[in-house]
Amino acid sequence: MNFRISFENTTSLHLDNFFKSSSISGFSSSTKSETISSTRFNNSERFSLEKLKNNKRKLESIKNLSSNWNGYGSPEIEEKLISKVQQIISNLEYQPQIFPTGRGSIQIEKHINDENFVEIEISNDEVFAYQMKNGVETEKAISTDEINNLISDLYA
Amino acid sequence: MLSDINPIIDDNEYLYRGIIELNWDYENNPPSSATFKDSKGVSVDRDNHRPERECIDFIKSKKDFFAVCKVQTRKVIELQALVKYQPIQDNIYHSEIHDSQDRIQLRGSKPKKIRDESQICNR
């Protein structure tokens, strides 16, 4: 039986459950061919609903922070920014860790090992990424559209 | 308050920073580098040759932090960041880590590299 599935315009969480519960031994994507042995497809973290829920809970905690929450005079994190981050993480293939910063921004980060990780600081004005990919460092301002690729590339 | 603290921070002095639980990285090396991202420079307490226990007790007298970390001034300078002694009314040890002479906020790799050089000394 030949399965051909498009990853564009699909609800990824449903797709992930589908693959986990099915006995399909191989498939191909219309946008990018990958085998079932690919790290991406075997990674249980991928489209983890549990991690997404945990992150949303953490954002709720961040929403409740009052000024000087870190003991060093940090401002509250604006609800507008929290909503922005909520929207961003809902569309990510891999859930990052989320941390508030003392300058009113929110940092999302994913750490695979010392040579492969990414830290992305999201503020109302800018998204700034510090990435280490196979030991090569990059620092740059990025658009929100680039966040998913930046994190997913760590698993490629 | 006048003090006789040397305004020049010795390279061997440790800089202490309190950490709240939301910035504790349970999956990797704690704390998250977000701990070192602050708009007015990263506030730290220089040790000024005090015993570690005294430094920790002092920092925790301001807030019951989840943990306290320390980083040596030399390590911060090696990362091309600046350490400035900036005493304030209720803290004669208060100092700040700045990105550079021209820029206050740490950015890019520096917060993580400082985090990597830091040690947890109280939890």
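Keep in mind that this is a model prediction, so the values were computed, not measured. (Residues numbered from 1 in each chain as written. Chains lettered and ligands numbered in written order. Predicted model: local features only at pLDDT ≥ 70, side-chain atom pairs only at ≥ 80, totals over all residues.)

### Remarks on the overall build of chain B
So the rule is basically this: Secondary structure elements follow DSSP: runs of H or I of four or more residues count as helices, runs of E of two or more count as strands, with numbering from the N terminus. When we talk radius of gyration, it's over C-alpha atoms, and the globule rule is simply 2.2 Å times the number of residues to the 0.38. Burial is judged by counting other C-beta atoms within 10 Å of a residue's own C-beta: 20 or more means buried, 12 or fewer means exposed, and anything between counts as partly exposed, with every C-beta placed from the backbone. Residue pairs are scored as contacts if the distance between their C-beta atoms, which are placed from the backbone, is within 7 Å.
Each helix and strand in chain B was counted, giving 3 helices and 6 strands. Listing every helix and strand of chain B by position from the N terminus yields β-β-α-β-α-β-β-α-β. A compact globule built from 123 residues would reach a C-alpha radius of gyration of about 14 Å, and chain B, at 13 Å, matches this within 12%. Reported as C-alpha extents along the three principal axes, the dimensions of chain B are approximately 45 × 35 × 25 Å. In chain B, which comprises 123 residues, the share counted as buried stands at 40%. In chain B, of all internal contacts separated by at least 6 residues, the share reaching a separation of at least 24 is 70%.

### Some details on the overall build of chain A
Across its full length, chain A carries 5 helices and 7 strands. The linear arrangement of helices and strands in chain A, starting from the amino end, is β-α-β-α-α-α-β-β-β-β-β-α. Among the 156 residues that make up chain A, the fraction classed as buried is 24%. Sequence separation of at least 24 residues holds for 46% of the intrachain contacts in chain A that already meet a minimum separation of 6.

### Here's the deal with the sheet that holds strand 3 (residues 67-72) of chain B
Residue and element names in this part refer to chain B. As a reminder of what qualifies: Two strands make a pair as long as DSSP finds a minimum of two bridges between them. Every angle, taken between N-to-C directions, lies between 0 and 180 degrees, and every axis is a line fitted to C-alpha atoms, over only the stretch in contact when it is a helix.
Reading across from one edge, 4-5-2-1-3-6 is the order of the 6 strands in this open sheet, with antiparallel pairing throughout. A single partner strand is all that each edge strand has here, and the edge strands are strand 4 (82-85) and strand 6 (119-122). Sheet twist, expressed as the average angle between the axes of neighbouring strands with direction ignored, equals 40°. Pairing of strand 1 (residues 14-19) with strand 2 (residues 42-46), which is carried by 2 bridges, proceeds in the antiparallel orientation. The partner of Tyr16 across the bridge, within strand 2, is Asp45.

### Notes on unusual backbone geometry
Negative phi is the rule for most residues except glycine; trans is the rule for most peptide bonds. Residue and element names in this part refer to chain B. The backbone of Asn48 shows a phi angle near 50°, a positive value even though the residue is not glycine. Considering the arrangement of structural elements, one finds Asn48 in the loop between strand 2 and helix 1 (52-62). Using a count of 18 C-beta atoms within 10 Å as the deciding quantity, one classes Asn48 as partly exposed. Of note, the phi angle at Gln80 is positive, near 65°, even though the residue is not glycine. Here Gln80 lies in the loop between helix 2 (73-78) and strand 4.

### Let's talk about the confidence of the model for chain A
Predicted coordinates in areas of low pLDDT are best not read in detail. All names here are of chain A. The line we're drawing: The pLDDT value tells you how sure the predictor is about a given residue, anywhere from 0 up to 100.
Taken as a whole, chain A shows an average pLDDT of 80; of its residues, 73% reach a score of 70 or greater. Ranking the elements of chain A by mean pLDDT puts strand 2 (residues 28-29) last, at 35, and strand 3 (residues 97-100) first, at 98. Across residues 1-37, where pLDDT falls below 50, the model places 29 contacts with residues more than four positions away in sequence or in other chains.

### Regarding the interface of chain B and chain A
To keep it simple, the criterion reads: Note on residue classes: Ala, Val, Leu, Ile, Met, Phe, Trp, Tyr, Cys and Pro are nonpolar, Asp, Glu, Lys and Arg are charged, and everything else, Gly too, is polar.
Facing 22 residues of chain B, the contacting portion of chain A comprises 20 residues. Tallied by class, the residues present in the side of chain B that touches chain A amount to 4 nonpolar, 10 polar and 8 charged.

### Considering the packing of helix 3 (residues 49-63) of chain A against helix 4 (residues 79-90) of chain A
Residue and element names in this part refer to chain A. Going by this rule: Geometric relationships in this document are graded by angle, where less than 35 degrees denotes roughly parallel, more than 145 denotes roughly antiparallel, 65 to 115 denotes roughly perpendicular, and other angles denote oblique.
Interaxial distance between helix 3 and helix 4 falls to 10 Å at its minimum, and their mutual angle equals 175°. For the element pair helix 3 / helix 4, the angle class is roughly antiparallel. Contact with helix 3, carried on its side by Leu52, Asn55, Lys56, Leu59, Ile62 and Lys63, involves Glu79, Ile82, Val85, Gln86 and Ile89 of helix 4 and no other residues of that element. Split into classes, the residues belonging to the contact of helix 3 with helix 4 amount to 6 nonpolar, 2 polar and 3 charged.

### Describing the sheet that holds strand 7 (residues 136-142) of chain A
Where strands meet in a sheet, backbone hydrogen bonds hold them as pairs that are either parallel or antiparallel. Residue and element names in this part refer to chain A. The strand order across the open sheet built from 5 strands is 3-4-5-6-7, with neighbouring strands paired in antiparallel fashion. Each edge of the sheet is formed by a strand with only one pairing partner; in this case those strands are strand 3 and strand 7. Strand-to-strand twist across the sheet, computed as the mean angle between neighbouring axes with direction ignored, equals 15°. The pairing of strand 4 (residues 106-113) with strand 5 (residues 116-122) spans 7 bridges and is antiparallel. Bridging across to strand 5, Glu109 finds its partner in Glu119.

### Focus on the environment of Glu126 of chain A
Residues and elements named next belong to chain A. Within the fold, Glu126 resides in the loop between strand 5 and strand 6 (127-133). Exposure remark for Glu126: the 11 C-beta atoms within 10 Å place this residue in the exposed category. C-alpha separation for the pair Glu126 and Lys80, spaced 46 residues apart in sequence, amounts to 14 Å.

### Looking at the nonpolar core
Quick reminder of the rule: We define the nonpolar core as any set of buried residues of the types Ala, Val, Leu, Ile, Met, Phe, Trp, Tyr and Cys, connected via C-beta atoms lying within 7 Å of each other.
Membership of the largest hydrophobic core comes to 22 residues, with the highest contact counts inside it found for Leu15, Tyr16, Val68, Val76 and Ile97 of chain B. For this core, the elements supplying multiple residues, two or more each, are strand 1, strand 2, helix 1 and strand 3 of chain B. For this core, the element with the most residues is strand 1 of chain B, which contributes 4 residues. Core analysis: the second largest hydrophobic core is formed by 19 residues, Ile62, Ile122, Tyr130 and Ile147 of chain A among them.

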